[in-house]
Every structure is written in structure tokens, then in C-alpha cells.
Amino acid sequence: MSDATGIRLIHDDYIALTRRKRLYSGILLAIFVALMTSGFMLADSRNAGGFWSGLHRVLDFPKTVVAEAVDKAAELPGHVVTYFPALVETLNIAAVSTLTGALGGMVLSMLATRGMARWPALIPVFRRIMDVMRAVPEIVIALVLIFVLGGGPVPAMIAIAFHTTGALGKLFSEVNENASLKPVEGLASVGANWTQQMVLGVVPQVAPNYLSYALLRFEINIRASAILGFVGAGGIGYELKNAMSWGQGKYDESAAIFLMLFTTIVVVDQTSSWFRDRLTHGRRVEMLA
Amino acid sequence: MTMTADPSALNGDLKRQASALFRTKRTWSFALPLIVLAYLTYAFFAFDVPGLIRTASPENGQTLLRDSYSYKTHVTRDNRSAEVSIAVEGERKGAYPEGASPDWVTLGEVTEIRLAGGGLVTFGPEEVSYDIPGYGLVTARPGDGGANATFPPGDLPEWINASKNRVAITTDEGRLTITRNRTELFRYTTGWELFFFTLDSPYHGKGPGELLSLALNGEAAGIWHDFWYNPMWMHASVAWALFETVLMAFLGTFGAAIVALPLAFLAAKNFAPLMLVRQAFRRLFDLFRGVDALIWTIVLARAFGPGPLTGALAILVTDTGSFGKMFSEALENVDGKQIEGLSSVGAKPVQRYRFGVIPQVTPVLLSQVLYFFESNTRSATVIGAITGGGIGLLLTQAMITQKDWEEVTYYIVLVVLMVFAMDWFSGWVRRRLIAGDGEGH
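In the annotation of an unreviewed UniProt entry, chain B is listed under the name Phosphonate ABC transporter, permease protein PhnE and assigned to Primorskyibacter flagellatus. Under Sequence similarities (unreviewed entry), UniProt gives the following word-for-word description of chain B: "Belongs to the binding-protein-dependent transport system permease family." UniProt, in the comment section headed Subcellular location (unreviewed entry), describes chain B in these words: "Cell membrane".

The name given to chain A in an unreviewed UniProt entry is Phosphonate ABC transporter, permease protein PhnE, and the organism recorded there is Primorskyibacter flagellatus. UniProt, in the comment section headed Sequence similarities (unreviewed entry), describes chain A in these words: "Belongs to the binding-protein-dependent transport system permease family." Taken from UniProt, the Subcellular location (unreviewed entry) comment for chain A reads in full: "Cell membrane".

Moving on: the sheet that holds strand β8 (residues 149-150) of chain B. Residues and elements named next belong to chain B. Read across the sheet, 6 strands follow the order β3-β4-β5-β6-β7-β8 without closing on themselves; strand pairing throughout is antiparallel. Either end of the sheet is taken by a strand with one partner, and the two such strands are β3 (105-106) and β8. The pairing of β3 with strand β4 (residues 111-114) spans 2 bridges and is classified as antiparallel. From the neighbouring strand, Thr106 faces β4, where its bridge partner is Glu112.

In this section: helix α11 (residues 349-387) of chain B. All names here are of chain B. With 39 residues, α11 extends just 43 Å between its outermost C-alpha atoms, more than 12% less than the 57 Å of an ideal straight helix rising 1.5 Å per residue. Of all the bends in α11, the largest measures some 50° and sits at Ile358, one to four residues before the proline Pro359. Gly388, located one to two residues past α11, shows a positive phi value of around 85°.

The next point concerns the UniProt feature "transmembrane region" (unreviewed entry) in chain B. Residue and element names in this part refer to chain B. Summarizing the sequence annotation, UniProt attributes the feature "transmembrane region" (unreviewed entry) to residues 28-47, 238-266, 380-402 and 408-425 in the numbering used throughout. When the span residues 238-266 is considered, its composition is 100% helix and 0% strand, and the gap between its end C-alpha atoms is 43 Å. Strand forms 0% of residues 380-402 and helix 87%; the C-alpha atoms that close the span are 23 Å apart.

Once that is clear, we can look at the sheet that holds strand β2 (residues 83-88) of chain B. All names here are of chain B. Taken in spatial order, the 6 strands make up an open sheet running β2-β1-β12-β11-β10-β9, and their pairing is antiparallel. Looking along the sheet, the strands with just one partner apiece sit at the ends: β2 and β9 (160-162). Direction aside, neighbouring strands of the sheet carry axes that sit 10° apart on average. As paired strands, strand β11 (residues 174-179) and strand β12 (residues 182-190) are joined by 5 bridges and run antiparallel to one another. Residue pairing across strands places Leu176 opposite Leu185, the latter belonging to β12.

Formed by 137 residues in total, the largest nonpolar core has its most connected members in Ala142 and Leu143 of chain A together with Leu395 of chain B. Among all residues touching Leu395 of chain B, those that are not within four sequence positions of it are Val140 and Leu143 of chain A together with Ala385, Val408 and Tyr411 of chain B. Membership of the second largest hydrophobic core comes to 19 residues, among which are Val105, Ile132, Val138 and Leu185 of chain B.

Cut-offs used in this document
Residues numbered from 1 in each chain as written. Chains lettered and ligands numbered in written order. Predicted model: local features only at pLDDT ≥ 70, side-chain atom pairs only at ≥ 80, totals over all residues. UniProt positions renumbered as here; feature names shortened; annotations may be inferred. Pairing = 2+ DSSP bridges. Helix = DSSP H or I, 4+ residues; strand = E, 2+ residues; numbered from the N terminus. Expected span 1.5 Å × (residues − 1). Bend = angle between axes of the 7 residues up to and from the residue. Axes fitted to C-alpha atoms, helices over the stretch in contact; angles between N-to-C directions. Core = buried A, V, L, I, M, F, W, Y, C linked by C-beta atoms within 7 Å. Buried ≥ 20, exposed ≤ 12 C-beta atoms within 10 Å, placed from the backbone. Contact = placed C-beta atoms within 7 Å.

So, in C-alpha cells, the structure goes:
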């Protein structure tokens, strides 16, 4: 008898708990839905063209571009050749900024990891520095540098490298936390200085993970350097902006640039994800027999 | 069998392999830095850095730096009508009303302007003078024949630029320009001008204590109105622009998550047994991701015009691709036992997904979505600059005019604070939802 009431009590408790939980989830969901709808309505009212009036025109522009590209298909290879240097510039911006950002991030992350830091008291300072570097949007630095240095690839490169340093620094320091400190201690005990301890004791352990993150960043940076080009920082984005401004009848060049950008992004994405897979899961064959 | 035959041969073999391995490793560890160095050297010239250093304009940098923490007040005398006008940054919005002046200017027959560091400038009816501490008195009688300036004996220092018709004296505290028709003085002052109230507001120049007591006496609404709609800084529109940027990121990120979740089921190996469907959706995700946010922004701006909706949709479309890929990978990693258990007690497919799959993947998905929300706040700034919405637009506009660098600084500070706030907020939600509530819903 008492057993059954006990079970009933538990059952009632459980049902009440579930109800309350459902109620909370329901309220949260309702708030979320309300936020999304009102947000979309607000954004719609602030937009130059409305959503519903524009929806049927979404495909108009791609259609025009494709039609013109098909019309002048014979000229496309020529355009590709013309804009190839700009594409290389975009890739160079991304590569150089990833390289310098990775080097900077590596140093910063080591200075900000407990057990490795050169000056342990300054760990919070270096963490803050990385946070700030990560927070500043690339466009802010790029625009300021364009004003001072003039247009071209260098402002974009510096802007992206700055952000990359912060972003990779944070990821690297997470990797560092999992690295064994024994090699560092061993090296320290035989009198290695800090640089030697890091390069010989830590880098070999973390290099695959670092490389994997840096490759991921390279993908992101290609997109970033294309976008920054659009606001005046050189590369394929800048050419795209020019090609777009020539308007109807001249979209074949834009089409060629679209195509190049798309292909590059897909190829780099696929290659880097293959490499990353290999880096994190290891080579499938044994190294030694 | 061969292994036991000759252990020494095997040893030698292993040793050879090991030393070969070491050799490759050593070669690589020397070659890699060299390759990087060679590449950077190539990039140095490909980017034409030497040319850039030649054409860079440090003066622009100096103006920018100085303007970001100080402002200038223009005191201008029209030499024909003898009228003296005073305006902050030379803007009409910052003009002092007739007869009013800051306390370092004494208006009268002879207008006296005291500069920081002891300099004294006078605008007389006939004569302009500038008493420069440590140098001497410069006088000029602008009129027929140009500026007619006289300087202390000796060579002119390089901060004085004098010709027959125009004299310009630039010091750290100010800059005096004299021409036949106009005498103009810029006085630099540290700080951001009229940040709280413009000159036409009755609250200008009042201290915080005084403002507080006024606010308590029922003038709070007026004070707020004068501050919020300050015509020089336009705090209301800046706040709106910030909100618009966050709104773009919010709608884009969460809209993408909502669209991507059902599609991800169709691209996951364990939920879409049909290879064709799976491949089709995966390629679709690749397409959305591969066509960069830049291209989506351009395409969508053609249809919807500039504005926050276009930016939100651009983020939405790009991130649908990213989320679709990430979600389907997460779905492939779910534990099948819970679904099995549910189906064993007779759950229908929808119930199986709701109670067997969603609780498992929610923490992972939510944390990914929040990471994206945070980084999309930054992207929305850039996209806003292209489509014309949010703080990105204000920032580019302020930069293009190349005048109000203190406003640019203000926007930059706000953007960084905004990103910090989103960083903190998404971290807080992640901790609450994922660590706090183990069941994840």
C-alpha cells in the first residue's frame, strides 16, 4: 500500500517536473519565435526593397550574369587569364596573413599558457591582448590603413594578420594546454633557454594541431581577403567591384571572376579538409614496419 | 620465419630506416623555415612594399591620430566685414551664437585668443598678431598687397610657411592662417567636442552634479533628449546602427540554424539511407558555402536593395551551408541506442527524432551556433559596409569624408565593445545551456 503511494508520489513529482520544464522550454521557444519574426519584420521595413517584392527577383541577377557569360563564352578564358594575377594576389594576401598570424599566434599562445609562459605573471595580459586582437573586425584596421598607406594588398594583409593572430592564438593556447610539459622540463634541466624549450619541447607535439587550425584559418582568410578587396584593398574583390560597376552588358567579366572565386574557395576547402583529416587522424600507414 | 633467421640483418635494416626517417625530418625542419622565408620575400616584392613605403603618407596618420583624441575650434575673422565667428570643427552645428565665446576668447574691438602654453593671438581692426612663446611676436596687416607680415629677425623656422599672400603658422597648440580676406585660427583642445550636448542646448557646459540635480527636478527627459539627439554625434542613430548590426547577425545565424537543421537530417548517413538524396544535399551545402558571403551579398542586394535584411539574408544563406555540413556531421555521431530504445517502446519517427536525437545533439549544435553568432557580429560589420546597413556603413562613410576622425574612433570603440559584449554573451549562454543543464533542452 505505502509502496504504491510512494511510487505515485514519485510519478506525480516527475510529471510536475516535466510539465514545468516543458513550460519553460515553451516560453523560451515562444520568445525566440517572437524575436525572430519581429526581427525579420523590422529588418524588412528598414530595407530599401521589401522581402516579398524582391523574392521573385532573386534569380534575375544571376540569370543575367549567366546568360551574358553563355553569350560570350568564348571570351571567358581570356577574362580568366586577365584576372588571374588578381586572384593570385588575393591568395597571397590570405597566405601571408595566415603565416604571420600563425607565427604571432604561436608566440602569444605560448606566452599565455600556464607552465610554458616566459613571464607567468603576464599570462592574463597576453590573454587580454589576444581577445582584443580577435575582437577588432578586419575592416576597421583595413580602412584605417588604406587611409594612411593607400590602397593595395598590404593594408588587407596587415588587417587579416592582426585578427588571425588573435584567433589562432586562442586556438593554439587550447592545444598547448593538452601538451605534455615533460619535454620542456627535461630541456630546462639541461639548460635550454626559453626559445629552445618551446621550439624543441613544445612545437613537435603541437605542430599537427597547429597546422590543422592554420589551414582552417587559411580558408577563412581567402574569403576575408576577397571581401576586403571589395572595400578597396586590392585583389580579386577589387576587380569584382570594378567589373560590377560597368553594369549590364559587361557582366561576362563579373561572371568570370565569380567563377574563379567560387572554384578557388571550393578547391582550397576540399584540399585543406583532406590535409586536416590526415593531420588529426594520422597517416593510415605505419611509419616503421 | 625470416625474422628469426638473422636478427642482426633486421637490426641493420631497422637502423637504416630509422636514420632515413631522421634525415628526412632534419631536412624538413631546415627546409620549412627556408621555404617560408623565401615565400615571404616573394610576397614582399609581389605586394610592392618598397613602393608602398614611398607613397605612404605619414601626415595622414598624424592627422588621424591627433584628431582621434583632440578637436579644433575655428576662430575666423572676415577681414572685409570684420566679423569674428567661432565654431567647433568649423561646422555650423558647432557654431557659437553671435556674441558668445569660449572662455579663452575675449571678443571686442580687439579679439584676444589665449592658447595653451602661453601663446596670445589678437585680431585687431587693422593688425593681427601672434605672440609665440620662445620665438617672438609675429604681426600682419592683411589688406591690399597680401598678408603683409613681419617676423622676428632671423631665418623663418620650418613651422612658418610664408608667402606674399598667405602666412601659415603651425604650432602644437594651434594653427594661424592669414590671407588678405580671412584670418583663421585653429585651436586644438584635448577631448571629443560637444560629445554630450551641443552649444545650443541649455545643458551645455554643466557639470554632472548640476545635471543630476536638474534631472531630479523633472528635466530628465529634456536632458536625455538633448543628449540622445545631439546633432553632432547623433547618438540615437549610432545606437540604432549598432542594433542593426547585431540584428543582422542574429537573424542570419539563427535563421540559418533553423533552415539547416531539417536539411542536415537529409544529408546525414544514418538518417538518409538514399545515397542520391544525401549527395544532393551535401553538394547543395557545398554550393552555399562555396559561393562566398561576398557574392551572396551582391546577388541579394540586387533583389532586395541595400539594408539590414539583405545583410541578414546573406549571412543566412552562407551559414546554412556551414551549419548543414556541421550539423549533419554531428548527427552522424549520435548514439543509436537511444533511438533504438524509443522505437522499442513504440515511438513514432517524429517522436524518435524529438526525444532520441535532438537532446543528444542540442548542446553540440547550440555551441556551434553561438560561436557563429559571435563571429557573425564581426562579419555583419563588413557586410553592412557593402550592402549599406548598420555600423559598417557609418564607419565607411565617416572614413570616406576623411574629416571627423574622432567619430571614426568613436565607432571603432563601439564596434570593439559590441564584439566584446557578444563574446561575453554567447559564452554566458553556452555555459548556462550546456554546462548548467545536462539534458540540453
